[in-house]
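Results of the structural survey
This is what each chain is made of:
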Amino acid sequence: MLRYVLRRFLTAIPTLFVIVTISFFLMRLAPGGPFNQEKGLNPVIKANLERVFHLDQPLWQQYLLYLNNLLHGNFGPSYNLPDFTVAELFADGLPISIQLGGSALVLALVLGGMLGIVAALYQNKPADYAVIATATAGSTIPTFVIAPLFQLFFALTLKWVPVGGWGDGAFVNKIGPVLTLMLPQLAIVARLMRGSMIESLRSHHIRTARALGLSEYSVVIKHALRGALLPIISYAGPAAAALLTGSIIVESIFAIPGVGRYFVEAALNRDYTLVMGTVVVIAIFTIVFNLIVDILYAVVDPRVRYD
Amino acid sequence: MTDVTLPSAAKGRSLWADAWNRLKANKAAMVSLWYLLFMGIVCIVGPWFTPHDFTTIYQDYTRVPPSLSAYPKADAIDLAVKDAVQRSRLELAGWEEKDGKVYITVTSAKPIDPRVTRYIDRSDVFEGAQVVETSDDKLKMTMSADFKHEYFFFGTDNNGRDLLTRTLIAGRVSLAIGLLAGLVAVVIGVLYGAVAGFSGGKTDEVMMRIVDILYSLPFIFFVIMLVVFFGRNFVLMFLAVGAVLWLDMARIVRGQALSLKRQEYVQAAEALGVSPGGILLRHVVPNLLGPVVIYMTLLVPQVIILESFLSFLGLGVQEPMSSWGVLISQGAKNIPSATWLLIFPSFFLTTTLFALNFIGDGLRDALDPKDR
Amino acid sequence: MSERILHLQNVKVSFATLDGTVEAVKGVNLHVNAGETVAIVGESGSGKSQMMMAAMGLLASNGKASGHVDYRGTNLLAISKSELNDIRGAKITMIFQEPMTSLDPLYTIGDQLIEPIRKHQRLGEADARARAIEMLRLVRIPEPERRMRSYPHEMSGGQRQRVMIAMALANNPDLLIADEPTTALDVTIQAEILELMASLQQRLGMGMVFITHDLNIVKRIAHRVYVMRRGEVVEEGETGELFAEPKHPYTKALLEAEPTGRKLPVAPNARRMIDATDVRVTFRLGGGFMSGPPLELRAVDRVSMTLRQGQTIGIVGESGSGKSTFARAVLRLLPSEGAITFENRSIQGLTREQMRPLRRELQIVLQDPFGSLSPRMTAGQIVTEGLLVHEPSISRAERDRRAAQALEEVQLDPSLRNRYPHEFSGGQRQRIAIARAIILKPKVVVLDEPTSALDRQVQKQIVDLLRELQQVNNLSYLFISHDLAVVRAMADHIMVMKDGRLVEQGTPDEVLEHPREDYTKRLMRAAFAE
């Protein structure tokens, strides 16, 4: 088991390296640069800035320099927000994004999982159709439609919650972002859970458990659910990585100071260090959660441990 | 023995015919199919029949709410009269509405040129202005003008453009991108997946490794980079979006190709001496078609969402062109004062996505009935 | 005899499907006495399994059962789920056909054995464990203490079926329902499991319902028999009486379904069609970046064979013995080492293109009549596909004519040639597969378990058809089967394979009546034991 985890972990390092490399060169090959936007920037100042940030050196040297810095945990300064380092930006924003994304993830897994189980147990009955309808709606209506509609109804019409803002993490400020982040995930989890639970309930060993007179609780929870969890686990890994690193849509609509918005802004402004920082953070989250998925998988399914 | 007279052969029920019958029995899918057809026709043909062009700006009608009756409304007339008179640099003495016409009386310190009627005509509210009466000293004049009746069933946007026309034009763009980019993704994905699956071995391993790596790149980053490379170009958007979404297709097709390769009927064809081309043509392609069709219908809504998402971020379709994402983005910025800007495009987008999803689900049930 | 423990009265089962309601069981009456073994015989789709599933409350969610299932005065169809759960597993248990999937892959054997024991006997953990180990010993699982910690995927199919039996019998039930418990197992293991079940039934004195399509098994173990067809019981009676004097025509047909007759040997100087010398096939498993050197698996190890014109060589052996692999290697469908000649011309080493003209002479019919026909082509297209390759010049009308003619040769109505495979029955599909092979007028046909997926009666018809085709066209057959009864009727020479090696060969009389090798003896005992 430990060897299995270790091997998984070691194969993740080259993946991270490849991602960093591709992103670095992709970013640099794109036309434009961090200091081209500001019109009328004195060429001398521009040259100075580029020298300060080593942008005048050959690309491969910059690449090695960046890798070296990265190995030392140094993400560099942000080019477009010159008062901050990339690390500071993440230190400020990431906890907020994690808080919102984490709440949404947990809610989606718990509620979606329960809805899926209920639907599977009452297949083709009203409860099932209700879950399917919810899931279809949740996975069909895009976030950028749900979020403003939420604001329109609950903030502006009913005035239950503020329209937006972080409000130093007040509970009411989090409701909208968490719900809009959660809904599509909940829909997907419910659908997945329903499907895999139905399949699991149909499997031969469930028939055996029933033939042996095990209680319905044991059949459903101990035997059917455990097997049905596997697809959910594999889905939850990447989903967690995506949710915890912030959503640009939700953060921009609800005016949340998370890290989700950095990516697009930074890429458009050619804020190289910030883009790379975001890529690295997302990649690390992805790798870590995939690792957790692998471990959970092996915990749930003994067949995996021996492969 | 050799002289068999051919009996007339009964027609068989192909799997396609079976699937079509099953699809026809699926009410949600059929309603969705008709709805989508209707939506397509309305978006393509509709803009020619709406009373406005999608770029025309009505300065007097910025942000008017949707209405089934004609503009101008009573309270707008006063404003429009004042505006028009102010532009002509005359003094407004008074106005009245009579027999469906407006009568405006103006005064001035200098004699009034009868050509001032053109200031009234220039307004979006009035037309056919003429002088009715001029005082002898020409310092006072009464003009009459017809109302220019305008219909804004969906209201207008911040610039005074007709939302109905813009929504339909946006629909054209969104649907076209959905279809074309979907097609791009399917073509790339099918080719890539089929090559990987049928080559097998090392080729397969390397090709799928590449897919894995592309998968692990942050999705948005990839899209943004493509947009940055291609510029905010309308046509290249198809390519960018399509180029991102082919990965799933490639995986599905590869899996199918691998399992098809092991099918007994493929082995049987090999034993008959059928060439690889013949196997591909007669055995593989027809059996791949089902999953590809299903995936394509589920891909189109994804593409539309992705396009809308990019447009929402301002990376996609650019003004004055429009897509549902662009309109929703404007709508989101204008609540609460102009809710219709959000509601109408959202409704169009969401119902279309629903229809596409129902069709996709219906197709999956029809082509692969085991799944339910 | 003694008291009735299970009594089914007018039991009906129906399923709601996409194409409407399907009646699987149409009002069956049946009873089982204490300590008695009752066999339910019928072909696949006769409703025999679904009926017992219904009695146990195990129908799929789209299934519905009606009627009375009376267990010692309780109607099992009318009681609540929790009441039913006190009877299932304690008083009545069931074991199934699929030993590979019937155990929960996520829990150890021990966990799965202990859970029902604790539930029904209300024992503590330690007592339940002791009882579980005792049961494993009873079903002759070696090292039961260690096996308690094993997961199902670490055991063979036969062992898993033993574990299933242990689980079913752990609570001393009155009645065991066994749904084709040996069908998915190799013949030698089948015999062991059957013997185990018979001895346990005697020792524990429970009643047993044995669902099967195999009359040999019925004859061996059942006291009474119910014959089912299309959801109805067509005949019932004491086993001896029923076998001696079947009344219903269907029962008669079933009893006569065993293929009969023998094939006469060919003249010793008949033309040599295929000579295979020291054929070896090696598979490489795994291997690649980071996973070490590939595992080499010798699937066929130095097997030689001479096939003469008009001859049928039967190759028998269990799954994994390499019999199919050998036949495919002979046809050059798999890469192999060793010499292979066809009509005295070496074909080993010919390229794909060079092999192509020979393909029409060397044909193959595969086992699975559902998998071997392309689902999106019509019967006519499937049958004539070979003509596209080997006679590309003939017209479409001529191809159509030839398709009709070929279908007629395999006794299928040629007017069905525009139908698709899913519109045919299993036997009809196998006829189409045969037509596809013979339309090319081949000289050698490999028959890879062509009857194994078919019901007995249909098997017999296909065997008759194959024999007739052989006589008319002077074909040479390489007939692969694990079913010794069919091989005995078809072949004039038999090769017995085990673990990739040829262990014994000779005429049917030599091999089947006087087997020399231990392995062959075991195969024989399993197949023909009276």
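A brief structural summary. (Residues numbered from 1 in each chain as written. Chains lettered and ligands numbered in written order. Predicted model: local features only at pLDDT ≥ 70, side-chain atom pairs only at ≥ 80, totals over all residues.)

**A look at the interface of chain C and chain B**
Our working definition: For every residue pair, C-beta atoms are placed from the backbone, and the pair is scored as a contact if these atoms sit within 7 Å. The way it works is that DSSP assigns letters per residue, a run of H or I at least four long becomes a helix, a run of E at least two long becomes a strand, and they are numbered from the N terminus. Residues are sorted three ways: Asp, Glu, Lys and Arg are charged, Ala, Val, Leu, Ile, Met, Phe, Trp, Tyr, Cys and Pro are nonpolar, and all the rest, Gly among them, are polar.
Listed as interface residues are 37 residues of chain C and, on the opposing side, 29 residues of chain B. For the side of chain C that touches chain B, the secondary structure elements donating two or more residues are α12 (352-359), β16 (362-365), α13 (379-390) and α14 (396-409) of chain C. Broken down by element, the side of chain C that touches chain B gets its largest block of residues, five residues, from α14(C). The residue inventory of the side of chain C that touches chain B, partitioned by class, reads 13 nonpolar, twelve polar and twelve charged.

**Quick word on the interface of chain A and chain C**
Each side of the interface is counted separately: chain A has 22 residues, and chain C has 28 residues. Broken down by secondary-structure element, the contributors of at least two residues to the side of chain A that touches chain C are α8 (204-211) and α9 (216-244) of chain A. Here the side of chain A that touches chain C takes six residues from α8(A), the largest share from any one element. Within the side of chain A that touches chain C, the residues separate by chemical class into five nonpolar, ten polar and seven charged.

**Structural notes on the environment of C:Ser324**
All names here are of chain C. The condition is simple: Residues are called buried when their C-beta atom has 20 or more other C-beta atoms within 10 Å, exposed when it has 12 or fewer, and partly exposed otherwise; all C-beta atoms are positioned from the backbone.
Assignment of secondary structure puts Ser324 in helix α11 (residues 323-330). Look at Ser324 and you get buried, because 23 C-beta atoms sit within 10 Å. Taking the C-alpha atoms as reference, Ser324 lies 9.7 Å from Phe479; in sequence the two are 155 residues apart. Setting aside residues no more than four positions away along its own chain, Ser324 makes contact with Asp448 and Ile480.

**Concerning the sheet that holds strand β1 (residues 91-98) of chain B**
Through backbone hydrogen bonds, the strands of a sheet pair up, either in parallel or in antiparallel fashion. All names here are of chain B. Spelled out, the test is: Here, any two strands with at least 2 DSSP bridges between them count as paired. Note on geometry: axes are lines fitted to C-alpha atoms, helical ones only across the stretch in contact, with angles between N-to-C directions running from 0 to 180 degrees.
Strand order in this open sheet of four strands is β1-β2-β4-β3, and the pairing throughout is antiparallel. Looking at the sheet topology across the chains shown, the edges are occupied by β1 and β3 (126-134). The average undirected angle you get between the axes of adjacent strands in this sheet is 25°. Pairing of β3 with strand β4 (residues 140-147), which is carried by six bridges, proceeds in the antiparallel orientation. Note on β4: the bridge partner recorded for Val131 is Met143.

**Points about unusual backbone geometry**
Trans peptide bonds make up the majority, and among non-glycine residues the majority have a negative phi. If you check the backbone angles, A:Asn124 has positive phi at about 60° while not being a glycine. You can see A:Asn124 is positioned in the loop between α4 (86-121) and α5 (126-140). Among the residues examined, A:Asn124 registers 13 C-beta atoms within 10 Å and is labelled partly exposed. Phi is positive for C:Arg302, which is not a glycine, with a value near 50°. With respect to the helices, strands and loops of the structure, C:Arg302 is situated in strand β12 (residues 295-308). We classify C:Arg302 as partly exposed; it has 14 C-beta atoms within 10 Å.

**Quick word on the nonpolar core**
Rules: Linking buried Ala, Val, Leu, Ile, Met, Phe, Trp, Tyr and Cys residues through C-beta atoms within 7 Å yields a set, and such a set is a nonpolar core.
Core analysis: the largest hydrophobic core is formed by 327 residues, its most contacted members being B:Ile224, C:Ala166, C:Val209 and C:Leu478. A total of 16 residues in this core trace back to one element, the largest contributor, which is helix α5 (residues 163-199) of chain B. Setting aside anything within four residues of it in sequence, one finds C:Leu478 in contact with C:Leu307, C:Ile313, C:Ile315, C:Ala327, C:Val446 and C:Leu447. Formed by 18 residues, the second largest nonpolar core is a distinct cluster that contains B:Val81, B:Val102, B:Ile120 and B:Ala129.

**Digging into α8(A)**
By the criterion of burial, α8(A) is predominantly enclosed, with seven of the eight residues buried. Taken residue by residue, α8(A) has A:His205, A:Ile206, A:Arg207, A:Thr208, A:Ala209, A:Arg210 and A:Ala211 as its buried positions. The secondary structure elements touched by the buried residues of α8(A) are α7 (171-202) and α9 of chain A together with β6 (92-95) of chain C. Looking at the residues trailing α8(A), positive phi occurs at A:Gly213, about 75°.

**Details of the environment of C:Met167**
Here C:Met167 lies in helix α6 (residues 157-169). With 55 residues separating them along the chain, C:Met167 and C:Gln112 place their C-alpha atoms 7.8 Å apart. Not counting residues up to four positions away in its chain, the partners in contact with C:Met167 are A:Leu212, C:Gln112, C:Leu113 and C:Pro116.

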